[in-house]
Amino acid sequence: MSGTAREVVQARDINGDVHFHGNGFRGDGALPPGVPRQLPRDARIFVNRSRETDELDAVFRVEAHEPRSTSVHFIAGTAGVGKTSFALHWAHRLLNHFPDGQLYANLRGYDSDPPATASEILRSFLSALSVPAPAIPVELEAAAALYRSLSAGRKMLVFLDNAATAGQVRPLLPGSASCLVLVTSRSRLSGLSIRDGARRLTLEPLTETDAVGLLSTVTAGYRAKDDTRQLAELARLCARLPLALRIAAERAASRPYMRLDELIRNLSDASGPWDALTIPDDEGESAVRTVFAWSYRALPSEAARLFRLLGLHSGPDFGAEAAAAVAGATIGQARNQLDILTGAHLLEQNEPDRYGFHDLLRAYAVDRVQHEESSENRAAAMRRVLSWYLHSADAAQTWINPQEAHVELDAPAVGVRPAAFSSYEEAMNWYELERANLLAAARAAETAGEDRVAWQLPAVLRSVHMLVNPFEEWLTMGDIGLRAARRLGDRQGETELLESLGMAHTQSHRLTEAATYHRAALSLRRDMGDRSGEALSLNDLGLLYLRERRLAEAGDLFSTSRDIFREIDAPHWGAVLTANLAETMYQLGRFDEAFGLAREALEAHRELANRGGEGNALRILSEVRGRLGAYDEARRCAEDAVDIARSHRNRMWEGYWLLSLGRSQLASGRATDALASFGRSGALQRELGDRSREAQAWFGSGKALARLGEFEKSAGFCRDAAVVHRELGDRWQLALALDGLAAAFDQAGKSGEARRCSAEALASLAAFDDFWADTVRERIREREREWEWDRLAGREEPPSVPGDRP
């Protein structure tokens, strides 16, 4: 494959068909563009570097004609030498060679905050390549493998800026010789050259001629022609480093009537009370810091204050609202000061309302705020910006997951105006834009000793995390919050975080860890006398046991939980638990009880106008009615449930309830309709990142294809489902998939493969002793009896084996 293929298979041998379940279809069936355009804009003014450009061009021409592996170019050089500007300038000249897009990441290798991890960058890259956030693997190796697969065959440019180590870079190398990777770093990264074949180009400071040329170009039109010797002296004071030269030139351009020798004297004296406080590592850094101090001293007082206070902001970038919060200013005031700072080249702006620091300037801002602001002022600014993120996240929850109860928060800090939203889309866009900053804010709160924010922010975000499954940050923030709540002795906060971590582990299929957290939450809530919380924890454990098919235990927990909710008069939760009991009775084969409980739950939810609960009760009724032979009624119940999900634009509900609709359609003889339902469910589950339910949708597709006589294709779907369930350690779903695979092989005349699958299915079923397990075992044994009869009768092909699957 080449070009913009979105689905890529890596395999040695492929037998049968390859089936893709789309993860981003629009309503019209068309795929989204999926072509990232992340490269920052080219430098407005770029001077010379012709020798270095020619060197890279020559290598690129050779590699373009003889690609052997991913082409990696490594730009090294001291801080401020212009590595990023040079690499960006060269990259923009090559864009037409890479029609499949560009990926960009600042690895923050030399930032005052912790450097970006490969996992963080992979999450960003995979998202840009149209992988939904929940579908991005948590494990680094799995995420890197998916990234390599998606980049295979594409012509893409990948820009990795400010790398500190080869270990940061290596997992981010794409899997195609048609891709180009640009890396910038202050370090030599010898391992990247030796192991990965990277070609290193070291940038030196500009020549005097080029440095003078840069100064002249920036000041042209603002000043009369300056003396070349004085420009050379200014360049010398800037160590001929482009970063310092640009700032100095901007300062000179803003003072067109000040003599250049006077500017030079000011620059020579600039380090006085500022740079005396620190000792730079080398001459270049000393020059850069001198220029920073020179430019900083010329700022209006409020702009200088904002500059240094922004040194307290954690995270890769920020918007005007966050800047206003850290300064305790209005949005208008903050925007005016940000314009001054970007005009002085002390801040960078790469897109509308998003600002960031060069890492050297961030370090300088941190230095200034530590020396010029009192500890009280620093603490107040930190509380303001943390308060802004906390209350803005709470406002986003109102739109993203309004059903979840809000965490009780203190009022926003004085002078803080949290973000406001008018739609789900606005709130979700804000969350996606601020994800890295929200995680950084939680870490900063812990470091600053703001433990109340440190536990409340993860607790608030749980309502979002549970819908989009960003497992790495969910678990990290949960751990931060749990430590903070325990330091405070805040038992309510501790239970919130224990429950959140239990949910995160459950949804990422780490059921043993999930049970540990839920049991800890249950114990603590019982000690606190929190009856509502106790019932919630019992329900959480019951759902966990239901997944593990510990059905009798799940039923006991649900019954106890329901009794408590009735005791404290919580009708909503009472109806939820009634539905969970109905599901448990169905799995136990007690269909009459399941039917009665599901009807009771349906009526309760309708009385409470709880449409989500109504849809779930209809789903359970569909399963029960189908088992009792009322196929048309089963299908109508499932259709009504899916209609509710679609009317609420809830993809989680729709993806799950479509599984029931597909089963009811299959039972009523509508295999083609069932195939469409299972296909849509699989696509939604891929978006939601639920691998287990996605594999269940594949299994349903396999059954539908078998009904349509497509036995080889049926086997392909069932095999794929079995692979996933085996990886997840789900023995029950594995047994079902293997049974379906055996039936497909049997119907295709491959009795040897069918026997092997049946034997493995029986081994997986050994751990289960319930109605449905006995049903599957009996079906397998019946198939084995027929094989034996065929052997004795001398038949060459065994007959087809009908039968529904639970």
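Being a predicted model, the structure only gives us computed values, none of them experimental.

Cut-offs applied
Residues numbered from 1 in each chain as written. Predicted model: local features only at pLDDT ≥ 70, side-chain atom pairs only at ≥ 80, totals over all residues. Heavy atoms only, no water. pLDDT = per-residue confidence, 0-100. Contact = heavy atoms within 4.5 Å. Helix = DSSP H or I, 4+ residues; strand = E, 2+ residues; numbered from the N terminus. Expected span 1.5 Å × (residues − 1). Buried < 20%, exposed > 50% of the residue type's maximum accessible area, 1.4 Å probe, protein only. Pairing = 2+ DSSP bridges. Axes fitted to C-alpha atoms, helices over the stretch in contact; angles between N-to-C directions. Left-handed = near helix turned anticlockwise from the far one by under 90°. Nonpolar A, V, L, I, M, F, W, Y, C, P; charged D, E, K, R; others polar. Salt bridge = Lys/Arg side-chain N within 4 Å of Asp/Glu carboxyl O. Phe/Tyr/Trp six-rings, centres within 6.5 Å; stacked < 30°, edge-to-face > 60°.

Draft legend 1. Just the confidence of the model for the protein, in detail. Across the protein, the average pLDDT comes to 87, with 90% of residues at or above 70. Confidence over residues 1-33 falls short of pLDDT 50; this stretch has 50 contacts with residues more than four positions distant or in other chains. Across residues 271-281, where pLDDT falls below 50, the model places 20 contacts with residues more than four positions away in sequence or in other chains.

Draft legend 2. Layout of helix α28 (residues 631-647). For α28, which comprises 17 residues, the first-to-last C-alpha distance of 24 Å matches the rise-based estimate of 24 Å (1.5 Å per residue) to within 8%. Considered for burial, the residues of α28 that qualify are A634, R635, C637, A638, A641, V642, I644 and A645. Looking at the packing, one finds that the buried side of α28 touches α27 (611-627) and α29 (651-667). Looking one or two residues beyond α28, the residue adopting positive phi is R649, at roughly 50 degrees.

Draft legend 3. Fine view of the sheet that holds strand β2 (residues 102-106). Taken in spatial order, the five strands of this open sheet run β2-β3-β4-β1-β5, and their pairing is parallel. Each having just a single partner strand, β2 and β5 (199-202) make up the two edges of the open sheet. Between one strand and the next, the sheet's axes are offset by a mean angle of 15 degrees, whatever the strand orientation. Bridge count between β2 and strand β3 (residues 157-161): five bridges; the pairing is parallel. In the strand pairing of β3, N106 is matched with D161.

Draft legend 4. Quick peek at the packing of helix α19 (residues 451-468) against helix α20 (residues 471-488). Where α19 meets α20, the axes come as close as 8 Å, and the angle between the chain directions of the two elements is 145 degrees. In the crossing of α19 with α20, the sense of the turn from one axis to the other is left-handed. On α20, the residues touching D451, R452, A454, W455, L457, P458, L461, R462, H465 and M466 of α19 are E473, W474, M477, G478, I480, G481, A484, A485, R487 and L488. Its residues assigned to classes, the contact of α19 with α20 shows 12 nonpolar, three polar and five charged.

Draft legend 5. View of unusual backbone geometry. For A239, which is not a glycine, the phi torsion comes out positive at approximately 55 degrees. Its place among the elements puts A239 in the loop between α8 (228-237) and α9 (242-253). Not every positive phi belongs to a glycine, and R549 is a case in point at roughly 60 degrees. Tracing the sequence through the fold places R549 in the loop between α23 (531-547) and α24 (551-567). Given a relative accessible area of 9%, R549 falls into the buried group.

Draft legend 6. Seen up close, the pattern of salt bridges. In this structure the tally under the stated criterion is 59 salt bridges. D690 is paired through a salt bridge with R693; the nearest N and O atoms lie 4.0 Å apart. Across the pair K750 and E712 runs a salt bridge whose closest N-O atoms are separated by 3.0 Å. Residue K750 is found in the loop between α33 (731-747) and α34 (751-765), and its partner E712 is found in helix α32 (residues 711-728); the two are separated by 38 residues along the sequence. Where salt bridges share partners, they join R123, E432, R435, E472 and E473 into one cluster.

Draft legend 7. Structural view of the environment of G319. Structurally, G319 can be placed in the loop between α13 (301-309) and α14 (320-327). With residues up to four places along the chain from it excluded, the contact list for G319 reads D353 and R354.

Draft legend 8. Examining the packing of aromatic side chains more closely. If you walk through the whole model with that rule in mind, you get 23 aromatic pairs. Considering the side-chain rings of F60 and F98, the 6.2 Å spacing of their centres and the 55 degrees angle between planes classify their relative orientation as tilted. Placement of the pair is F60 in helix α1 (residues 50-65) and F98 in the loop between α2 (83-93) and β2, with a sequence separation of 38 residues. Take F98: its relative accessible area is 4%, and that puts it in the buried class. On the basis of an interplanar angle of 80 degrees and a centroid distance of 5.0 Å, the ring pair of F771 and W772 is categorised as edge-to-face. Its relative accessible area of 26% is what places F771 among the partly exposed residues. Using a relative accessible area of 5% as the deciding quantity, one classes W772 as buried. What links up through ring pairs into an aromatic cluster is the set F292, Y296, F307, F318, Y355, F357 and Y364.

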